[in-house]
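# Structure assessment
These are the residues of each chain, in order.
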There are 2 protein chains.
Amino acid sequence: MKLILLSGGSGKRLWPLSNESRSKQFLKLLKKDDGDYESMLQRVYSQIRYCMPKADVIISTGAKQKDSILNQLGHAVTILEEPSRRNTFPAILLSAAYLIFEQQTSLDEPVVILPVDPYAEIEYFETLRQMAQAVEQGTFPLVLMGIAPSYPSEKYGYIVPASSVHADSPTQVRSFVEKPSASVAEELIASGALWNGGVFACRLSYLAQHLHKNLNCSSFLDVMTQYDQLESTSFDYAVVEHETCIGMLPYHGYWRDLGTWNTLTGEMKDASMGRAILGEGAENTFVVNELSTPIVALGTKNLIIAASPDGILVSDLGKSSYMKPYVEHLGDTPMFEERRWGEYRIVEHTRQDDAETITKQALVHCGKTISFEHGISHKKIWILTMGRANIEIDGVCHCACAGDSFQIAPFQKHSLHALTEVSLLSVEFMESD
Amino acid sequence: MKLILLSGGSGKRLWPLSNESRSKQFLKLLKKDDGDYESMLQRVYSQIRYCMPKADVIISTGAKQKDSILNQLGHAVTILEEPSRRNTFPAILLSAAYLIFEQQTSLDEPVVILPVDPYAEIEYFETLRQMAQAVEQGTFPLVLMGIAPSYPSEKYGYIVPASSVHADSPTQVRSFVEKPSASVAEELIASGALWNGGVFACRLSYLAQHLHKNLNCSSFLDVMTQYDQLESTSFDYAVVEHETCIGMLPYHGYWRDLGTWNTLTGEMKDASMGRAILGEGAENTFVVNELSTPIVALGTKNLIIAASPDGILVSDLGKSSYMKPYVEHLGDTPMFEERRWGEYRIVEHTRQDDAETITKQALVHCGKTISFEHGISHKKIWILTMGRANIEIDGVCHCACAGDSFQIAPFQKHSLHALTEVSLLSVEFMESD
């Protein structure tokens, strides 16, 4: 059994913590039993490993998220970097191509495709296994997961079954209804319809057919190079809606789309994370603080206060989903990014006349390496402010410790290998004439 | 006529903008007609200059505030640095000693003493002039200002007149009542009592008597060196309460003590300062943002959001005066300080084992100089990130521009003279073994 996880949705719905390079699935906001925090991605991955210790996991994602996934999961999963961000249909065919051409997976193998960030109980993952079994039994070439609705939502799609739903065997799907009004949603729920959770199971052969129908290919590279010719559309639209024989298995457990501060704070075990003081009269107030600057809240009610180097949000919990137009054009350069070697934030950015200076503070994890194989086009100064590292500049190696600084000329090859946890100040001088 | 301005009150009532080195009177939050912002100190000083273009102004203050005053007013005023922070009685006698011994001011000269931060109309300053005239007329050796109360406050002192008050000539004071209950305050107001605004006028001889009664001195230096022997008490307690013949002149105009966010936001002309977006549903919400990070507020009501490198406050306007216990022990090292040459903030502070690294970003104004005559006890790196400066290290002068960096060894004398507006990154490496 193969699992394809789709990691998309870079965006600002959880601004200022989420940005162009850090999507909501990477935010470490969920408290584990041991007191540590994990991201939605890490939670889903550990649930998969608990239920299906041997399942092969492929994560399909864009270039910008690759480093975050590596940073959070290491090399335990296969990460497929989509040549460009399109939609779920091309992304799923790319993963199929990888299984077919690179892994030589049997075309009979069941494949289950799911989003990377469902917040659900372990039974959700048991249901994935059932879906794979249902595919192997062969009644339906395509099996979907139906999620028992907890309220008549207007923002989800509904799967209408042809007959009453059983937990153990798939029910034929009659039709789909996308984002109905609340009253229609109520009727749908009364008639037994379930939410469409965007989870699909089929044999690899099923995906192979769609792949060859859309592309003339005989290798994974073929698919990579022709990726932009695949229609940028959803798998639902391109495949599911045209399929006449679809089965559905239900999941009745807890499920949340933690896509807004309102829903996310509902799952936070503590009212605050990071440096925060909830003082006199603070009620139903949540603080998520990624800055080293302390936050004090007094007399606040039903509020989310979220702070990162990108910005500070202070919002009524119910209003936080309206933030998009306000934050859309705020600083398109993320002030904070996760990298496979650690993370960095921009601490200063000055512009004067034609000159521009950016000062970054990077944290490089022990044993990790930052490398600029071909140098960069401008002058740079590195200062080690904590820890020890081997720094190589134009082939000359230096054993560096806190207090050492290095001038790096334009196009000089340079790298840093951290021997301990390292804090590095990097000052870059650009001239734009 | 001499004016003595008392600049005290370092504290955190306007945290996070005010801190140990930056008191509320230095915050540039008041919008001028030309659109620029000024501090309470700058506003008071320009009002004084408007009313009394030739009055000599002395500001008595502690070491920590001296740089802020120089930065905001330049050398237009005499700044007296109190040897230690005590109270208004010793501070006023120190200023008197300066006038007597250093300026050889005539003992007949009227002196008016006032706090540095009243938020009042120009008539307030006209009243100061009237007070000086009343002192010269000689009926009362001591004349106070009575401020027409706008509500029965429990936090001010009240001056009870012996007869009905006239605007043009001083009325004899019958008694004082300190911080009465609201009901007593109502009675006091009904009977014609006014608030005590902490403004005193007398001849210099009056202060000289008190000086010589308390200290054996014949020079300003005598008073400086014996300063700690003066009782740390208020001028009200040590002098006013024992005086039997006191006059009062009333001020009927607008007057506010802008000591809390609630009162201060009442005088802000715009709902936000700095990078701030007040979005959907934000009502009676004020944002004061000194960070470069943007703040977005959504659906917030009756809120002050204030952010500086020291911290972020999110408070119900009515609750902001309760913050003291929460912020008292937060970071006693200010993350931001104003200096006579400009300002700096701490952008990074790391500690590991015995090593400590502090990275500061300083803005040095054109023409100003930072100087470390005897060096400092630890290693330092300077990087110019914007502008041009002359940097001298151990007697060697360098013409530096953006991109240049300098290693400064322990105890090496070093200085920077800014030839343009300069942005400087200073990284200091301390070892505490």
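Up top you'll find the structure we're talking about.
Throughout what follows, the structure given in this document is the object of discussion. Counting restarts for each chain: residues are numbered from 1 in the order of the written sequence. Here chains are named by letter from A upward and ligands by number from 1 upward, in the order in which they appear as written. In keeping with the predicted nature of the model, local features appear solely for residues at pLDDT of at least 70, side-chain atom pairs appear and are counted solely at 80 or more, and the whole-chain, interface and lining totals rest on all residues. No hydrogens and no water enter the side-chain calculation; it runs on all heavy atoms of the structure.

We now examine the overall build of chain A. A run of H or I in DSSP becomes a helix once it reaches four residues, and a run of E becomes a strand once it reaches two; helices and strands are each numbered from the N terminus. Tallying secondary structure elements over chain A gives ten helices and 29 strands in all. To get the radius of gyration, use the C-alpha atoms; to get the globule rule, take the number of residues to the power 0.38 and multiply by 2.2 Å. Over its C-alpha trace chain A gives a radius of gyration of 24 Å, about what one expects of a compact globule, namely 22 Å for 433 residues. Considering only C-alpha atoms, chain A reaches an extent of 70 × 65 × 45 Å along its principal axes. For chain A, buried positions account for 54% of its 433 residues. Here, residues are in contact when the closest pair of their heavy atoms is within 4.5 Å. Partitioning the intrachain contacts of chain A with sequence separation of at least 6 by distance along the chain shows that 65% fall at a separation of at least 24. Accessible surface for chain A amounts to roughly 18000 Å². Of this, 47% is attributable to carbon and sulfur atoms. With 37 positive and 53 negative side-chain charges, chain A shows a separation of 2 Å between the mean positions of the two kinds. In this scheme, a residue with accessible area under 20% of its type's maximum is buried, one over 50% is exposed, and one in between is partly exposed, where area comes from a 1.4 Å probe on protein chains only. Methods summary: accessible areas were calculated by the Shrake-Rupley approach with a probe of 1.4 Å, and residue burial reflects only the protein chains presented. We count Lys and Arg on the positive side and Asp and Glu on the negative side, and we leave His and both chain ends out. Where a charge lies is defined by one atom per residue type, namely NZ (Lys), CZ (Arg), CG (Asp) and CD (Glu).

All names here are of chain A. Mapping S68 onto the fold places it in helix α2 (residues 63–73). On the basis of relative accessible area, S68 is assigned to the buried category, the value being 1%. In contact with S68, not counting residues within four places along its chain, are S21, F26 and E338.

Glancing now at unusual backbone geometry. All names here are of chain A. Each neighbour pair has its own omega, and for W15 with P16 the value is 5°, a cis peptide bond. Take P16: it is sitting in the loop between β1 (2–6) and β2 (30–31). Of note in this structure, Q104 is not a glycine but carries a positive phi near 50°. Inspection of the secondary structure assignment puts Q104 in the loop between α3 (88–102) and β6 (110–115). In this model, D394 sits at a positive phi of 50°, which is unusual for a non-glycine residue. The exposure class of D394 is partly exposed, given its relative accessible area of 47%.

Here the focus is the side chain of S95 of chain A. Residues and elements named next belong to chain A. The residue S95 is located in helix α3 in this model. For S95, a relative accessible area of 0% translates into the label buried. Excluding residues that lie within four positions of it along the chain, S95 makes contacts with I4, I58, S60 and L80.

This part takes up the interface of chain A and chain B. Each partner contributes to the interface: chain A provides 58 residues, whereas chain B provides 59 residues. Buried area: the accessible surface (1.4 Å probe) lost by two parts on joining, summed over both. Carbon and sulfur atoms supply 65% of the area buried between chain A and chain B, which totals about 4400 Å² over both sides. Considering only the surface of chain A that becomes buried against chain B, L298, I312 and Y326 of chain A emerge as the three largest contributors, covering 15% of it. For this analysis, a salt bridge means a side-chain nitrogen from Lys or Arg found within 4 Å of a carboxyl oxygen belonging to Asp or Glu. Taken together, chain A and chain B are joined by zero salt bridges. Two N or O atoms count as a polar contact when they lie within 3.5 Å, although within protein this holds only if one can serve as hydrogen donor and the other as acceptor, and sequence-adjacent residues are included solely when both atoms are side-chain atoms. Linking chain A to chain B there are 26 residue pairs in polar contact (both at pLDDT 80 or more). Following the grouping adopted for this structure description, the nonpolar residues are Ala, Val, Leu, Ile, Met, Phe, Trp, Tyr, Cys and Pro, the charged ones are Asp, Glu, Lys and Arg, and the polar ones are all others, Gly among them. Residue composition of the side of chain A that touches chain B, by class: 28 nonpolar, 19 polar and eleven charged. One bridge is not enough; two strands pair if DSSP finds at least two bridges between them. One ladder, built from four bridges, connects strand β19 (residues 311–316) of chain A with strand β17 (residues 295–298) of chain B; its direction is parallel.

All names here are of chain B. In this fold, W382 is placed in strand β24 (residues 379–386). Counting along the chain gives 133 residues from W382 to L249, while the straight-line C-alpha distance between them is 56 Å. Ignoring any residue separated from it by four or fewer positions in sequence, one finds W382 in contact with F372, I391, D404, S405, F406, I408, H414, S415, L416, L424, L425 and S426. In this structure the side chain of W382 is engaged in a polar contact, spanning 3.4 Å, whose partner is the side chain of S426.

This part covers the relation of the copies chain A and chain B. To go from the first copy of the chain to the second, apply a rotation about an axis and then a shift along the same axis. Superposition of chain A onto chain B requires a rotation of 179° combined with a translation of 0.0 Å along the rotation axis, giving an RMSD of 0.1 Å. In short, the pair behaves as if placed about a two-fold rotation axis. Measuring from the rotation axis to each C-alpha of chain A, the shortest distance belongs to V347 of chain A, at 3.4 Å. A symmetric contact is evident, with 100% of the interface residues of chain A recurring at the interface of chain B. Least-squares superposition aligns the copies on the C-alpha atoms of those residues with pLDDT at or above 70 in both.

Within helix α6 (residues 204–214) of chain B the residues assigned to the buried category are L204, Y206, L207, A208, H210 and L211 of chain B. Considering only its buried residues, α6 of chain B is in contact with α3 (88–102), β6 (110–115), β8 (142–147), β11 (194–203), α7 (220–225) and α8 (235–238) of chain B.

Moving on, we come to the environment of A208 of chain B. Residues and elements named next belong to chain B. Relative to the helices and strands, A208 is located in helix α6. Note: C-alpha distance between A208 and Y322 (114 residues apart in sequence) is 41 Å. Leave out the neighbours within four places in its chain, and A208 touches I100 and L107.

What follows deals with the sheet that holds strand β18 (residues 301–308) of chain B. One open sheet accounts for six strands, arranged β15(A)-β17(A)-β19(B)-β18(B)-β16(B)-β14(B); its pairing is mixed. The two strands at the open ends of the sheet, each matched to only one other strand, are β15 (276–278) of chain A together with β14 (272–273) of chain B. Judged from the six bridges that link them, strand β16 (residues 283–289) of chain B and β18 of chain B form a sheet pairing that is parallel. Paired with T285 of chain B across the strands is L303 of chain B, a residue of β18 of chain B.

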